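Close look at the chain arrangement
These are the residues of each chain, in order.
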Amino acid sequence: MLCFVTVGTFSFDLLVRAVLSEPVLDALQARGYTRLVIQYGDSEFDTSVVTRTGLDIELWARKPSLDQDFRRADLVIGHAGAGTILDPLIVVPNESLLHNHQLELATALAASNHLRTSTIADLAHSVTVFDPAALATFEPFDGSRFRALVDEEMGFQL
Ligand SMILES: *[C@@H]1O[C@H](CO)[C@@H](O)[C@H](O)[C@H]1NC(C)=O
């Protein structure tokens, strides 16, 4: 199983460090994830330090295309505004950007059970209890319309 973490063209070191922390790595492995792909954006990370038995960890500053990762991922972890709400998604809002539209939308979609939100501190727990099957799905037709709406609203760009 693949967990994909993305910050797009931004930086969100707190999130990346949280994902690479022992409790979150433990939680991912306990849930059966065997691959972790992290696209960490506009930051400096020593990508050689992170290894873990049983979990294949890949770090990328940028990736040529994120589409496949989004499609293949069993779990996507991103900031409010990352990717699409049609993926099984845990949104960790960037707290230095509070009160923006993306966060409002993520909060609304969490309330309607279409995604989960988490804080940095709660991430291990959020991974542990995350159940994609419990998320509400969109009808394909509504989904594509909704996706266009959300992408527009979020100024979606990766
Ligand atoms: C989070 O906010 C900081 C400060 O405004 C910004 O530099 C960074 O790019 C943001 N990251 C994301 C993922 O939005």
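Use the structure listed above.
What this report covers is the structure whose coordinates are included nearby. (Residues numbered from 1 in each chain as written. Predicted model: local features only at pLDDT ≥ 70, side-chain atom pairs only at ≥ 80, totals over all residues. Heavy atoms only, no water.)

**Examining the site of the ligand**
Basically, it comes down to this: It suffices for a single heavy atom of a residue to lie within 4 Å of a molecule or strand for the residue to be listed as near it. We call two N or O atoms a polar contact when they sit within 3.5 Å, provided that within protein one can donate a hydrogen and the other can accept it, with sequence-adjacent residues counted only if both atoms are side-chain atoms. Accessible areas in this description were obtained via Shrake-Rupley with a 1.4 Å probe; residue shielding takes into account the shown protein chains only. Basically, the charged four are Asp, Glu, Lys and Arg, the nonpolar ten are Ala, Val, Leu, Ile, Met, Phe, Trp, Tyr, Cys and Pro, and anything else, Gly included, counts as polar.
Residues in contact with the ligand, as listed here, are Phe10, Ser11, Phe12, His79, Asn94, Ser96 and Leu97. Within the backbone of Ser11, one N or O atom sits 2.7 Å away from a nitrogen atom of the ligand. Asn94 places a side-chain nitrogen or oxygen 2.5 Å from an oxygen atom of the ligand. Protein chains bury 68% of the 360 Å² of accessible surface belonging to the ligand in isolation. Its residues assigned to classes, the shell around the ligand comprises 3 nonpolar, 4 polar and no charged.

**Thoughts on the nonpolar core**
Our working definition: The nonpolar core is taken to be a set of buried Ala, Val, Leu, Ile, Met, Phe, Trp, Tyr and Cys residues, with the residues joined through side-chain atoms within 4.5 Å. In this scheme, a residue with accessible area under 20% of its type's maximum is buried, one over 50% is exposed, and one in between is partly exposed, where area comes from a 1.4 Å probe on protein chains only. Here a strand is any run of E in DSSP of at least two residues, a helix any run of H or I of at least four, and the numbering for each starts at the N terminus. By definition in these notes, contact holds between two residues if any of their heavy atoms fall within 4.5 Å.
Formed by 31 residues in total, the largest nonpolar core has its most connected members in Leu15, Leu36, Ile38, Leu75, Ile77 and Leu123. Contributions of two or more residues to this core are made by strand S1 (2-6), helix H1 (13-19), helix H2 (22-30), strand S2 (35-39), strand S3 (56-60), strand S4 (75-78) and helix H5 (123-129). Those residues in contact with Ile38 that lie beyond four places of it in its chain are Val5, Val16, Val19, Leu20, Glu58, Leu59 and Trp60. Leu2, Ala80, Leu89 and Leu105 belong to the second largest nonpolar core, which has 14 residues in total.

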